[in-house]
Amino acid sequence: MRRLTRARSDVRRQQLTAQSPPGLPAELSAWPRYTLGEAQLGDLELLTSGVFAPLRGFMDAADVATVDVRGTLADGTPWPIPVILDVPADVIPPDADHLVLQDQEGSPLAVLAITERLARPAPDDPAAGSSAAGPEVVRVAGPVTALREPEHGPFRSLRRRPAEVRAELSAAAGPAGTTGGNVLAYATRRPLNKRHIGQLRHFASQLNARLLVLPLITGPADIVTRPEALVRAILAAKQHLPLGTLVIPVPLAARDAEPDQKTADLRAAAAVAAAYGATHLLADSPSVTGSPGGTKNGPLELPGVPIGVISAGEWAYDPRSEVWRPLALIEPGAEQGELTDSELGALLDSGAEIPAWFAPPSVARELRRARPPRAERGLAIFFTGLSGSGKSTVARGLAEALVERGDRTVSLLDGDQVRHLLSAGLTFSRADRDLNIARIGYVAAEVARHGGIAICAPIAPYAQARATAREMVTEVGDFLLIWISTPVDVCAARDRKGLYAKARAGLIKGFTGVSDPYEEPRDADLVLDTSAMTRQQAVDAVLKLLTTGGWLADASDEPADPNGTAGTRTSGSMLRLGPAVRRL
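Please read these numbers as outputs of a predicted model, since none were measured by experiment.

### Looking at the packing of helix 12 (residues 430–449) against helix 13 (residues 463–474)
Running from N to C, helix 12 and helix 13 point in directions that differ by 20 degrees, and their axes come no closer than 8 Å. When the axis of helix 12 is compared with that of helix 13, the two are roughly parallel. Relative to helix 13, helix 12 is oriented so that their crossing is right-handed. Every residue of helix 13 that contacts helix 12 at Asp434, Ile437, Ala438, Gly441, Tyr442, Ala444, Ala445 and Ala448 is listed here: Ala465, Arg466, Ala469, Met472 and Val473. Split by residue class, the contact of helix 12 with helix 13 holds 10 nonpolar, 1 polar and 2 charged.

In structure tokens form, the structure reads like this:
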């Protein structure tokens, strides 16, 4: 039997080897594969491009421990942050010594030679509102070998290797160059406004340094959300920075570190800046935790980071001089602070003008492109509730009302339609239900990406699946969750198909509200009970939310119908507004 099994294994290996792409290791197809997430893809690119040098792969437990304690690898080499890889335990067979790392399209990017594997506690699932554990994971370590150049991500032509950038900066330094050899780096996840521009010009002049701006493009960007929008906004600001400023997008994800994530992110950014040849890093914070380096008021030194970190300090806008400058140089009481994220977001949501003192016109244009007014922005309206709660009825009524208005394009993704077309073949297991909601979320995100309104009406009983749909949509538009909270007894009484009766008799297994749970939303933007209101009242309540939120123009001056009769008002006891509406 062992010989037969081994023979089959050899045949299988030969078949797989024959399918290996040209130029790749012959064993590649026989090794287990793992599809990297966004943050993991970023770390892999930083490892294989030399940004994370001297690391050659993902760190083992000894390196992680010494980095945490001393800011060095186990051999004493300074290094500031853990770079680790956690994968589901069922991905790697116990006897596997290699792991193929691939992108979301299944293309192999690199091979990890496994030198260590450690079982990790199963992570909690915070979205479930309990301590429900996720799948078991294993932490794998070892060197990685790149199979091809990275291809994913926007602005690929700007993403350069550190050795190339260091050579360019070195050639420009010295008496014949533009600087004395200093390079000031600034790593950011947010567009540059006039304060940032003023600070960068000021500190670059003080250091006689060339500027290196590093947009961090893995994970969501502040204000503009998408990484390509962040890069466009920074390129728009580049014309206001000193000649010779370099802009290099870097796929550095936010570091998962407790309790001080800001310091971990700063140390990671400093390591990346140093790899590109920076001598200093400007920190966008009034205070930075670290020890003084050099002079008493000089740059701070962070463990494991070979360059000094400069705190930008407190700056404000001086209306009298019409410039941004250190707060200490402005007459007390005359200073003006910058717009908060919520204030800037409100201006963008409404389409109002961005003040010239806050951002140059070129940057303001990119902000408006990335975050258009709500009346022009894509939107997913996601109804959730029990079978028979009235989701589909209200969703259809809303779609009809929006089509009648004619000012927005509308796509209706009803539960039954989706089941027959988009998700045919799926069962009612939890995994398939989650996949059904993920597919709906994907289509809704594509509708929102192009400025339309997607109206979705699945049961969507699980909080994590709803959160996944919200996350997909909010990358490109807005998301409103509307809970139809009609009581289960009312839903059962309305049931024309007799599903509730069959479920209660045990003829249908896993029926939501009877033998399977419905996790009530804690993040609904609107709650409606159709047992206490008519269909029209429910539709009117949603239209009111869309109007007050700015997604629809106010039609209060128009008659409610062609005959001019007033619409039925909705009682406040029949609906509840949810938490503040989420913005991009």
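Following the structure, the description resumes.
### What about the side chain of Asp349?
Relative to the helices and strands, Asp349 is located in helix 8 (residues 341–350). Classification of Asp349 by relative accessible area gives buried; the value is 9%. Reaching out from Asp349, the side chain makes a polar contact with the side chain of Arg377 at a distance of 2.6 Å.

### As for the pattern of salt bridges
A full pass over the atoms with the stated rule returns 33 salt bridges. The partner of Glu164 in a salt bridge is Arg160, with the nearest N and O atoms 3.1 Å apart. A salt bridge links Arg210 to Glu168; the nearest nitrogen and oxygen atoms lie 3.4 Å apart. Residue Arg210 is located in strand 9 (residues 209–215), and its partner Glu168 is located in helix 4 (residues 162–172); the two are separated by 42 residues in the primary sequence.

### So, the confidence of the model for the protein chain
For the protein chain, the mean per-residue pLDDT works out to 85, and 84% of the residues sit at or above 70. Here residues 290–297 is modelled with pLDDT under 50, and outside its nearest four sequence neighbours on either side it reaches 11 contacts, counting other chains as well. pLDDT under 50 marks residues 564–584. Its contacts with residues more than four places away, or in other chains, come to 59 contacts.

Conventions adopted
- Numbering of residues starts from 1 in every chain and runs along the sequence as written.
- Restriction of local features to residues with pLDDT of at least 70 applies here, the model being predicted, together with a cutoff of 80 or more for giving and counting side-chain atom pairs; totals for whole chains, interfaces and linings are based on all residues.
- In computing side-chain values, all of the structure's heavy atoms are included and hydrogens and water are not.
- Convention adopted: a line fitted to C-alpha atoms gives each axis, helices being fitted over their contacting stretch, and angles between N-to-C directions are expressed from 0 to 180 degrees.
- Elements are defined by DSSP. Helices are runs of H or I of four residues or more, strands are runs of E of two residues or more, and each kind is numbered from the N terminus.
- Throughout this description, any angle smaller than 35 degrees is read as roughly parallel, any larger than 145 degrees as roughly antiparallel, any in the 65 to 115 degree range as roughly perpendicular, and the remainder as oblique.
- Crossings are classed by handedness, with left-handed meaning an anticlockwise turn of the near helix from the far one by less than a right angle and right-handed meaning a clockwise turn.
- In this analysis, two residues are considered to be in contact whenever any of their non-hydrogen atoms come within 4.5 Å of each other.
- Amino acids outside the nonpolar list (Ala, Val, Leu, Ile, Met, Phe, Trp, Tyr, Cys, Pro) and the charged list (Asp, Glu, Lys, Arg) are all regarded as polar, and Gly is one of them.
- Note on classification: 1.4 Å probe, protein chains only; a residue is buried when its accessible area is under 20% of the maximum for its type, exposed when over 50%, partly exposed between these limits.
- Here a polar contact is taken to be a pair of N or O atoms separated by no more than 3.5 Å, where protein atoms must pair a possible hydrogen donor with a possible acceptor and residues adjacent in sequence count only if both atoms sit in side chains.
- One speaks of a salt bridge when a side-chain nitrogen belonging to Lys or Arg is within 4 Å of a carboxyl oxygen belonging to Asp or Glu.
- On a scale of 0 to 100, pLDDT captures the predictor's confidence in every residue.

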